[in-house]
Amino acid sequence: MAIKLIAIDMDGTLLNPQHLITPGVKSALDRARQQGVSIVLATGRPFVGVQRYLMELNLQEDQYCISNNGALVQRAIDGECVAEVTLTFDDYLYVEQLARESGVHFQAFDKSHLYTPNKDISEYTIHEASLTGIPVRYRSVDEMDRNMRFPKLMMIDKPALLDSAIERLPDHARETYTILKSAPYYLEILDRRVNKGQGVKMLAEKLGLRQEEVMAIGDQENDLAMIEYAGTGVAMGNAIESVKEIAQFVTKTNMEDGVAHAIEELVL
């Protein structure tokens, strides 16, 4: 069955190590679109961190993107949500306390800002802001609006510290949330129903597409669910082993235009 939708992770997949889309990748995406294939960026980033790439790829008109690891499915033209599953302020309080007790930094996202209660703002929070362009706000827990909803919460810190915190996570947390790493220093906490696979599924159903007509390309733990869901799952050459193990196809690395290679082989 012909592929009609390609869901593509961004960091480590679509983007090269310099966070750029190479001419080869852009050309392959353009040719796929000319054949009527929908291109959907599916990322852990907030919408603000996706916008300039949507513009660069001309993916704004009548297109969608999946942000915050599947919590939000948004119109590419303006970020308007067509589907969302978010966390409550009670979730914020619980995860913030877990992070504090574990000795790691914490941050929370609404649809347009990143909030941290840590006066010693983490270098990884600064990295996230510089990478995506999302504004950072320092707010103590008491200063937060209790009516806020959060697409995702994050524990962030040096990999060894973060891994130690993950090992100590209580069963209640593991049973209540989707918890996954998107980088060695990022642990993402989402509603139990949320992952990129569910985001891609919601969008495919909205577009009237079958699972077999979907291809997904990724490299990290947060891409596992959409690669499992897709009729054609593709792992990058630089992907972690667990992603390669479940993929039907392993392409080249993001330094070698792996996305373009996969599209050439499987779509064009």
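Residues numbered from 1 in each chain as written. Predicted model: local features only at pLDDT ≥ 70, side-chain atom pairs only at ≥ 80, totals over all residues. Heavy atoms only, no water.

Peer 1: Please give an account of the layout of surface pockets that cites residues and values.
Peer 2: As a volume, the largest pocket reaches approximately 420 Å³. In terms of lining residues, the largest pocket is bounded by 23 residues, among which Asp11, Leu131, Ser182, Ala183 and Tyr185 are the most central. Going through the elements one at a time, helix 4 (123–132), strand 10 (177–183) and strand 11 (186–191) are the ones with two or more residues in the lining of the largest pocket. With three residues, helix 4 is the largest single contributor of residues to the lining of the largest pocket. In terms of residue class, the lining of the largest pocket is made up of six nonpolar, 10 polar and seven charged. (1 Å grid on protein atoms, 1.4 Å probe; cavity = no way out; pocket = protein on both sides within 12 Å on 5 of 7 lines; lining within 4 Å. Points joined across faces, edges and corners; volume = space filled by probe spheres on them. Helix = DSSP H or I, 4+ residues; strand = E, 2+ residues; numbered from the N terminus. Nonpolar A, V, L, I, M, F, W, Y, C, P; charged D, E, K, R; others polar.)

Peer 1: Can you break down the environment of Met155 residue by residue, with the values?
Peer 2: Within the fold, Met155 resides in strand 9 (residues 152–156). For the pair Met155 and Lys181, spaced 26 residues apart in sequence, the C-alpha separation works out to 9.6 Å.

Peer 1: Break down the packing of aromatic side chains for me, citing the residues and quoting the values.
Peer 2: Inspection of every chain in the model, using the stated rule, returns six aromatic pairs. With a centroid separation of 5.1 Å and an interplanar angle of 15°, the aromatic rings of Phe89 and Tyr92 are classed as stacked. Of this pair, Phe89 and Tyr92 both sit in helix 3 (residues 89–102), three residues apart, which is roughly one turn of the helix. For the residue pair Phe89 and Tyr92, the accessibility class agrees, reading buried in each case. A centroid spacing of 5.3 Å and a plane angle of 20° characterise the contact between Tyr92 and Phe150, whose relative ring orientation is stacked. Placement of the pair is Tyr92 in helix 3 and Phe150 in the loop between strand 8 (136–138) and strand 9, with a sequence separation of 58 residues. Joined through ring pairs, the aromatic side chains of Phe89, Tyr92, Phe106 and Phe150 make up one cluster. Cation over ring: Lys152 sits above Phe109, and NZ or CZ is 4.9 Å from the ring centre. (Phe/Tyr/Trp six-rings, centres within 6.5 Å; stacked < 30°, edge-to-face > 60°. Buried < 20%, exposed > 50% of the residue type's maximum accessible area, 1.4 Å probe, protein only. Lys NZ or Arg CZ within 6 Å of the ring centre and 35° of its normal.)

Peer 1: Break down empty space enclosed by the protein for me, citing the residues and quoting the values.
Peer 2: In the structure shown here, the tally under the stated rule is one cavity of 30 Å³ or more. The volume enclosed by the largest cavity comes to roughly 40 Å³. Along the walls of the largest cavity sit 13 residues, with Thr13, Leu14, Val25, Asn254 and Asp257 positioned nearest its centre. Split by residue class, the lining of the largest cavity holds six nonpolar, six polar and one charged.

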